[in-house]
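# Reading the structure
The lines below spell out each chain.
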Amino acid sequence: MSQPVSPYRNWYHPYTPDRKYARRAAYFSMEFGIDQGLKIYSGGLGFLAGSHLKSAFDLKQNMIGIGMLWKYGYYDQERQQDGTMASRLVEKRYDYLQDTGIELSVAINDNPDVRVRVWVLPPDVFQTVPLYLLSTDVPDNDHLSRTITDRLYDPNDETRISQSIVLGIGGAKLVGLLGGADCYHLNEGHALPAFYYLRDQGVPSSQMVFTTHTPEKGGNETRNGYHLNNRGFFGRRLPDPELRRELVGEELNYTVSALRHSKKANAVSKLHARVARQMWQPFGLDSRIVPITNAQHPGYWTDPALQKHFEKNQVKAFRKRKRQMKADLFREVMNQTGKRFDPEVLTVVWARRFAAYKRADLLLRDFERFRKLLTNPEKPIQIIWAGKPYPEDYGAINIFNRLIEVSWGFPNLSVLTGYEMELSRLLKEGSDIWLNTPRITREASGTSGMTAAMNGSLNLTVNDGWIPEFARHGENAFVLPEADPGQPHSVQDEVDSKNLYEILEKDVLPLYYEQPEKWMEMVFRAKEEVVPAFSSHRMADAYYRELYKA
């Protein structure tokens, strides 16, 4: 008996799209954070993309996602025998993905026929718009081709180039097979080959849009353009005069190229828009960049019982539920570290991707002051760190391991591994303070503090990314005075660490223990103000109104 033909071999949604979202939009992203069990994400970029697809479904938008089916995901974060961090690759399998029956090919290097199989995540599984996932793990491929989609953010440069070709050109070909789109949206520059392929197919720049996510070098890739040309990055071999027009010197800057192709682009906060315009003004590309601040899906990230108590203004019940959520988190602390944390004690969490500019260890800068903070019996504190460094970022891994070693000396310090969506949710639900310490202007947006606020946690943060659009010190958050970003890093770190200790000692701890009613007023105010301003419904709507419109 023959299998029924999948409706997802064509552009299809299980609903009639809302008229104001009728334009077909194809959204390309290297990672999507949809659910803990679908391990095709690494961190914030994926959480953002996953929330976008969930809101697009809720709003009945005519959008699809284009991503990659990573055989091993990012990596599984575990521990060595001595308790320090270990990374492990484990093959993943997903019974709920559907094989669309679509197989296409892309040319990479000297291989004109790298086969790409297309799977789909149907909307009813996690309430998202259809998400198409590309895989080169196909029996007809040679070994190297089969491994292209093994690892998200593979450390091998040649593999990374191949991944961009598969996502970009393979994804663009797929959209063509589905019937084409009115708008092609690249979420960061990983899928840049799509724009070159589409341009050759006659798709005008008015149908191409782009999101730039960070001022950091790692999110603005540059590679030798002549090498990319030999590898098939542009979909065909560009003659030298045409190639030189695409390059900055001998390098292809992915962000510059994506901006040049795009009708319009967006930065991910108002502050980031100013920074991005300054960065790309020398190329004459600043006028294309508008701010659409990142956001998160409150329906996924917010505890339902806590939300109910908030809506009914049941402060006592809210506090009781928050205490239960802290106890849930502390069971994981005990499971991993053998430490018994107290739900009555102020709990500070620092959790996100480990990177040098995010300064996970800022609290340790004045260690004696840090020790006094930890050993104050009158106003006790508990601190938890979690996050995933890139598995080859040995500087970040060393910071992670140093924090683990420091935590061994204090019963109220803990470092957790396995930082994925479920642990992220636990930490946001169980924290009282969400600590955010990047160097000013380096955090383009940040979203973890949004979902923390949705769960009754107050942000203690530098004034960067989305924070200037939300936070008012002492009213809905605690905000450090701004350090001068023009100063050397050591000076910035010294200023910020002193201000951090000061705010913890004089504002946060006294308020929590001496004025619990005022604390709850801040918590309720923050929760009220974070939604809808930082709901992904607002963001998904803004993309249609500001980027996808004809």
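Keep in mind it's a predicted model, so treat the numbers as computed, not measured.

## What about the overall build of the chain?
- If you tally the helices and strands in the chain, you get 19 helices and 19 strands.
- For the chain, the C-alpha radius of gyration of 24 Å lies close to 24 Å, the compact-globule estimate for 550 residues.
- Its C-alpha atoms give the chain principal-axis dimensions of about 70 × 55 × 50 Å.
- Taking all 550 residues of the chain together, the buried fraction comes to 60%.
- At a minimum sequence separation of 6, the contacts of the chain that also span at least 24 residues come to 73%.
- Carbon and sulfur atoms make up 47% of the accessible area of the chain, which totals about 21,500 Å².
- Across the chain, the mean location of the 70 positive side-chain charges is 3 Å away from that of the 68 negative side-chain charges.

## Regarding the sheet that holds strand E18 (residues 458-461)
- The six strands are arranged E16-E15-E14-E17-E18-E19 in an open sheet whose pairing can be described as parallel. Each edge of the open sheet carries a strand with a single partner, namely strand E16 (413-416) and strand E19 (478-479).
- Note that strand E14 (residues 346-351) and strand E17 (residues 433-436) share two bridges and pair parallel. Within the sheet, the bridge partner assigned to Val 349 lies in E17 and is Trp 434.
- Of the strands in this sheet, E14, strand E15 (381-386) and E16 touch helix H12 (residues 315-337), which is tilted by about 80° from E16.

## Comments concerning the nonpolar core
- Formed by 160 residues in total, the largest nonpolar core has its most connected members in Leu 363, Phe 370, Trp 385, Leu 460, Phe 478, Trp 519 and Tyr 548.
- Sorting elements by how many residues they give to this core places helix H4 (residues 157-178) first, with nine residues.
- Look past the residues within four positions of Trp 385 in its chain and what remains in contact with it is Trp 350, Ala 360, Leu 363, Leu 364, Phe 370, Leu 403, Leu 413, Ser 414, Val 415 and Leu 416.
- Counting 14 residues, the second largest nonpolar core, distinct from the first, contains Leu 329, Ala 386, Leu 416 and Ala 452.

## Some details on the sheet that holds strand E6 (residues 111-121)
- With mixed pairing, the nine strands of this open sheet are ordered in space as E5-E6-E7-E2-E1-E8-E9-E12-E13. This sheet does not close on itself; its edge strands, each paired only once, are strand E5 (98-108) and strand E13 (289-291). Strand-to-strand, the axes of this sheet are offset by a mean angle of 25°, without reference to chain direction.
- By the bridge criterion, four bridges tie strand E1 (residues 25-28) to strand E2 (residues 63-68) in an arrangement that is parallel. Its bridge partner lying in E2, Ala 26 is registered against Ile 64.
- Most of the contacts of H4 go to E5, to which it runs at about 125°, and overall it touches E1, E2, E5, E6, strand E7 (131-135) and strand E8 (183-187).
- Across the sheet, helix H8 (residues 254-261) is in contact with strand E9 (208-211), strand E12 (264-267) and E13; its angle to E9 comes to roughly 145°.

## Some words on the environment of Thr 222
- Mapped onto the elements of the fold, Thr 222 is located in strand E10 (residues 222-224).
- Thr 222 sits 70 residues away from Leu 152 along the chain, and the two C-alpha atoms are 18 Å apart.
- For Thr 222, the residues in contact, after removing those within four places along its chain, are Glu 251, Leu 252 and Asn 253.

## What to know about the packing of helix H5 (residues 193-200) against H8
- One can describe the packing of H5 onto H8 by two numbers: an axis separation of 10 Å at closest approach and a directional angle of 35°. The hand of the H5/H8 crossing is left-handed. Contacts between H5 and H8 involve Phe 195, Tyr 196 and Arg 199 from the first element and Ser 257, Ala 258 and His 261 from the second.

## Points about helix H9 (residues 270-280)
- Within H9, the full set of buried residues consists of Leu 271, His 272, Ala 273, Val 275, Ala 276 and Trp 280.
- Against the buried residues of H9 lie strand E11 (251-253), H8, E12 and E13.

## Examining the pairing of E2
- Among the six residues in E2, six count as buried, and that is most of the element.
- The alternating pattern of E2 places Met 63, Gly 65 and Gly 67 and Ile 64, Ile 66 and Met 68 on opposite faces, both of which are buried.
- As for the winding sense of the linkage, the β-α-β connection from E1 through helix H1 (residues 44-58) to E2 is right-handed.

## Quick notes on the pairing of E9
- Burial of E9 is two-sided: the residues Met 208 and Phe 210 facing one way and the residues Val 209 and Thr 211 facing the other way are all buried.
- Pairing of E8 with E9, which is carried by four bridges, proceeds in the parallel orientation. Considered in E9, the bridge of His 185 is made with Val 209.
- The β-α-β motif built from E8, the intervening H5 and the parallel element E9 has right-handed crossover chirality.
- Both E9 and E12 contribute to a ladder of three bridges, which runs parallel. By the bridge assignment for E12, Phe 210 is matched with Ala 265.

## Things to note about unusual backbone geometry
- With an omega of 10°, the peptide bond running from Val 531 to Pro 532 counts as cis.
- By the secondary structure assignment, Pro 532 is in the loop between helix H18 (516-530) and helix H19 (536-548).
- Phi at Arg 359 takes a positive value of approximately 55°, unusual for a residue other than glycine.
- Relative to the assigned elements, Arg 359 resides in the loop between E14 and helix H13 (367-374).
- Given a relative accessible area of 3%, Arg 359 falls into the buried group.
- Phi angles above zero are rare outside glycine, and Thr 441 is one such case at about 80°.
- With respect to the secondary-structure elements, Thr 441 resides in the loop between E17 and helix H16 (448-454).
- Relative accessible area serves as the criterion here: at 28%, Thr 441 is assigned to the partly exposed category.

Analysis parameters
Residues numbered from 1 in each chain as written. Predicted model: local features only at pLDDT ≥ 70, side-chain atom pairs only at ≥ 80, totals over all residues. Heavy atoms only, no water. Helix = DSSP H or I, 4+ residues; strand = E, 2+ residues; numbered from the N terminus. Rg over C-alpha atoms; globule rule 2.2 N^0.38 Å. Buried < 20%, exposed > 50% of the residue type's maximum accessible area, 1.4 Å probe, protein only. Contact = heavy atoms within 4.5 Å. Areas by Shrake-Rupley, 256 points an atom, 1.4 Å probe, with all protein chains shown as cover. Lys, Arg positive; Asp, Glu negative; His and termini not counted. Charge placed at Lys NZ, Arg CZ, Asp CG, Glu CD. Pairing = 2+ DSSP bridges. Axes fitted to C-alpha atoms, helices over the stretch in contact; angles between N-to-C directions. Core = buried A, V, L, I, M, F, W, Y, C linked by side-chain atoms within 4.5 Å. Left-handed = near helix turned anticlockwise from the far one by under 90°. Right-handed = clockwise from strand over helix to strand, strands pointing away.

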